[in-house]
Amino acid sequence: MASHAVKVLMDTMIKSDGEQETIHVEAKGIRRRTNNGLFLVFYEEGEDEERTQNVVRFEVDKNPPELKVVRSGGRSMRQVYREGETTEGQYEVPWGQWITKATTESVSFQDQDGINASLVFRYQFDIGGATAFHHTTIKIMEDTI
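Residues numbered from 1 in each chain as written. Predicted model: local features only at pLDDT ≥ 70, side-chain atom pairs only at ≥ 80, totals over all residues. Heavy atoms only, no water.

Caption draft 1: Examining the sheet that holds strand β2 (residues 19-34) more closely. Taken in spatial order, the ten strands line up as β1-β2-β3-β4-β5-β6-β7-β8-β9-β10 and close into a barrel, and their pairing is antiparallel. Averaged over all adjacent pairs, the angle separating strand axes in this sheet is 25 degrees, with direction ignored. As judged from the nine bridges shared by strand β3 (residues 37-45) and strand β4 (residues 51-59), these two strands associate in the antiparallel manner. Considered in β4, the bridge of F42 is made with N54. (Pairing = 2+ DSSP bridges. Helix = DSSP H or I, 4+ residues; strand = E, 2+ residues; numbered from the N terminus. Axes fitted to C-alpha atoms, helices over the stretch in contact; angles between N-to-C directions.)

Caption draft 2: Examining the pattern of salt bridges more closely. Using the criterion set out here, one finds ten salt bridges in the structure. Among the salt bridges present, the one from E66 reaches K62, with a minimum N-O distance of 3.5 Å. With a closest N to O distance of 3.1 Å, R82 and E85 form a salt bridge. Residue classification places R82 among the partly exposed positions, given a relative accessible area of 23%. Under the relative-accessibility criterion, E85 is labelled partly exposed at 29%. (Salt bridge = Lys/Arg side-chain N within 4 Å of Asp/Glu carboxyl O. Buried < 20%, exposed > 50% of the residue type's maximum accessible area, 1.4 Å probe, protein only.)

Caption draft 3: Structural detail: the pairing of strand β1 (residues 3-16). Both β1 and β2 contribute to a ladder of 14 bridges, which runs antiparallel. The residue of β2 that forms the bridge with V8 is A27. What sits between the antiparallel neighbours β1 and β2 is a turn of two residues, in which D17 has the positive phi angle 50 degrees. Note that β1 and strand β10 (residues 130-142) share ten bridges and pair antiparallel. Across the sheet, the residue bridging to I14 is H134, located in β10.

Written out as structure tokens, the structure reads:
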């Protein structure tokens with residue numbers, strides 16, 4: 001399947017202990033259309049010039065559909081999201097590593113034309129005993145530059 005240069009807009013709203021914050025990421029990446037969902041790679045530029053590669057794979061033919069997010073570089077993470085299930089993963093930064101748990105409320109994927117798409121997932125996320133609700137939206141658009 002063909003790969004396409006894309007622009008990625010990712011917004012994650014996090015609620016914890018009555019507080020709310022939103023993290024916004026704009027990045028360039030590559031989207032490959034697959035027969036069974038989405039394969040997306042994009043890079044986040046972090047503090048101190050740290051670069052994190054994000055690989056997002058959504059497979060609609062699994063029951064329930066499965067979303068995998070693997071991050072490597074400045075921050076490393078591996079997590080699987082399945083609607084209605086709790087899954088374990090891991091998160092690692094230079095100063096430590098933690099086991100994570102995600103209880104996924106919903107995952108929705110809309111593929112408009114094999115390039116432009118959106119992925120929305122809502123989940124309770126526990127990292128090292130600290131729990132917060134996350135609502136993440138990833139918009140994928142053709143990179144026209």
